[in-house]
Amino acid sequence: MSTTNFVEFDQSKCVDKKYGHQHIMSSFTTYPIETVRTEVLKTTIKPPTITPKYDSNTSSTVVEWHGKKDVRIAQRPRPMITDDSDAIIHVTSSTICGSDLHMYTGDMKGMLSKDIIGHECMGIVESIGSSVKNIKVGDRVVVSAPIACGQCEYCKTGMFSLCDITNDSKVMETLYGHRICGAFGYSHLTGGYDGCQAEWVRVPFADVNLLKIENDRLTDEQVLFLSDIVCTAWHANVLGGVGPETTVAIWGAGPVGLLTIMWAKYRGAKRIFSIDCVEERLAKARSQGAETIDFSKHNVVDTMQKLIPGGPDVCVDAVGFRYTKGLIHTVQRAVFLETDTPEILAEAVTVVRKGGTVAIVGDYFYKSNAFPIGAFMEKAVTMRGGQLYCQSYWHDLLKIIENGEVDPTFIITHTMDLSQAAEAYKNFNDKSNGTIKVVLKTAFAAVQQATSGVTTSTK
């Protein structure tokens, strides 16, 4: 894969040429979706069964949501093959995503008590449905956080997180006008699927939503994040059009923000700025070559205007809707006058150069007040957002990792047992004990390493 020019991406060097166009910034508006719509309309796509069958004779250790800041370890019946396209994964490694904290803090709507949470995991295929073609029992696989059908017009054009088939939420359709894809363990707004912080996970449309890891020298930690955040960080760079000689400012030095820095550097960005207030995270950002701003000590807009007169080419919001900075939006969120604070986006729109781009991969869910629409319009700013197109990216990003060109494991600060999930959630949410990224290991991880020789841990 060429690193010389990512705006005019060399699709011939992609591993997965069918979706190579999605690596190009312009493809989101120019790719002719009409070319597949007629074909799709001729076919009937059967939606997946959301609630699987369960084997009551075998228990699975899972992480359940019970309310605000209340997650618990529980024993639940193991999921079984329910649809012909399913696979059952015996999980070796899972992890806590920043998006999981939306539910942990009670800010994510559509949750029910005892929902199994988590959407990033990998493991070994234990069983498959009769129609699964490309995955076999015993394969080591990464599970895609977004659940896609692979057959609708959005999947066929590589926009997998916009899948028409896998999410039946009428609430989301009412809120947004449309539904995006289903997702593991991410509330009933995205279908209500059982999550990935569990010993066993049932994966619908297994041929689409599983990535085979055939190189046994790769540890779980090196490839686990292909399920979400490695691809999300790449997506941020694609949305922003980051390439050689571009200047980039990234709000948030959590796992996604740090990996966005990693990919911006890989793609040839000239200067990268990281904005956060936690010194351990800013130190990680500097280790990847970013210049840093501690917003608790410095005014972001004033500092950026001094550091880069005219503004950066690209601003990335890797923070999202929950983190208020000022009293006004803190109060408005508290009394439900708005659900999402626009403060990060307001800074980005103000800072970005005229004609620049703002990319949003931090989650936003509903409505904000006092967004600077005037500056956005008059400065001719382009704004793009959306959930990752995991399946469009992960084959190529796996190859880059396998070649040793990047190492995403630098974000990992803690490896813990799945049974310690409650402690891990608290530390991650509180940003205590230097917590940036936690990998959760199942009991099966040690068994798998001992019996197969595959290294499931860097520890």
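Here's what I pulled together on the structure shown here. If you're wondering where the values come from, they're calculated on a predicted model, not measured in any experiment.

Some remarks on the overall build of the protein chain
So, point 1. Looking only at helices and strands, the protein chain features 17 helices and 18 strands.
So, point 2. Taken over the C-alpha trace, the protein chain has a radius of gyration of 21 Å; the compact-globule value for 459 residues is 23 Å, and the two agree within 12%.
So, point 3. Each of the three principal axes of the protein chain carries a C-alpha extent, and together these read 65 × 50 × 45 Å.
So, point 4. In the protein chain, which comprises 459 residues, the proportion classed as buried is 59%.
So, point 5. Sequence separation of at least 24 residues holds for 72% of the intrachain contacts in the protein chain that already meet a minimum separation of 6.
So, point 6. Accessible surface, the protein chain as shown: approximately 18200 Å² in total, 52% of it carbon and sulfur.

Points about the sheet that holds strand 2 (residues 70-79)
Two strands in a sheet stick together by hydrogen bonds in their backbones, pointing the same way (parallel) or opposite ways (antiparallel).
So, point 1. With respect to topology, three strands assemble into an open sheet ordered 2-1-4, the strand pairing being antiparallel. Only two strands of the sheet have a single neighbouring strand rather than two, namely strand 2 and strand 4 (115-116).

Describing the pattern of salt bridges
So, point 1. By the definition in use, this model includes 19 salt bridges.
So, point 2. Across the salt bridge formed by Asp86 and Arg202, the nearest N and O atoms sit 2.9 Å from each other. Of the two residues, Asp86 is situated in the loop between strand 2 and strand 3 (87-95) and Arg202 in strand 9 (residues 200-203); the sequence distance between them amounts to 116 residues. One exposure class covers both Asp86 and Arg202, and it is buried.
So, point 3. A salt bridge links Lys426 to Asp430; the nearest nitrogen and oxygen atoms lie 2.9 Å apart. Taken together, the positions of Lys426 and Asp430, both in helix 16 (residues 421-430) and four residues apart, correspond to about one turn of that helix.
So, point 4. Through salt bridges with shared partners, a single ionic network connects Arg140, Asp220, Glu221 and Lys441.

Topic: the environment of Gly98
So, point 1. For Gly98, the position within the fold is in the loop between strand 3 and helix 3 (100-104).
So, point 2. Sequence separation between Gly98 and Ile229 is 131 residues, and the spatial gap between their C-alpha atoms is 9.4 Å.
So, point 3. With near-sequence residues (within four places) excluded, Gly98 lies in contact with Arg322 and Phe428.

Considerations on the pairing of strand 3
So, point 1. Burial analysis of strand 3 places nine of its nine residues in the buried class, which makes it a mostly covered element.
So, point 2. By the bridge criterion, seven bridges tie strand 3 to strand 5 (residues 121-128) in an arrangement that is antiparallel. Bridge pairing in strand 5 links Val91 to Gly123.
So, point 3. Pairing geometry for strand 3 and strand 9, over four bridges, is antiparallel. Each residue of the ladder has a partner; that of Ile88, found in strand 9, is Arg202.
So, point 4. Two elements, strand 3 and strand 18 (residues 438-441), share three bridges in a ladder whose sense is antiparallel. Pairing of Ser93 across the sheet is with Lys441, part of strand 18.

Rules used in this analysis
- Residues numbered from 1 in each chain as written.
- Predicted model: local features only at pLDDT ≥ 70, side-chain atom pairs only at ≥ 80, totals over all residues.
- Heavy atoms only, no water.
- Helix = DSSP H or I, 4+ residues; strand = E, 2+ residues; numbered from the N terminus.
- Rg over C-alpha atoms; globule rule 2.2 N^0.38 Å.
- Buried < 20%, exposed > 50% of the residue type's maximum accessible area, 1.4 Å probe, protein only.
- Contact = heavy atoms within 4.5 Å.
- Areas by Shrake-Rupley, 256 points an atom, 1.4 Å probe, with all protein chains shown as cover.
- Pairing = 2+ DSSP bridges.
- Salt bridge = Lys/Arg side-chain N within 4 Å of Asp/Glu carboxyl O.

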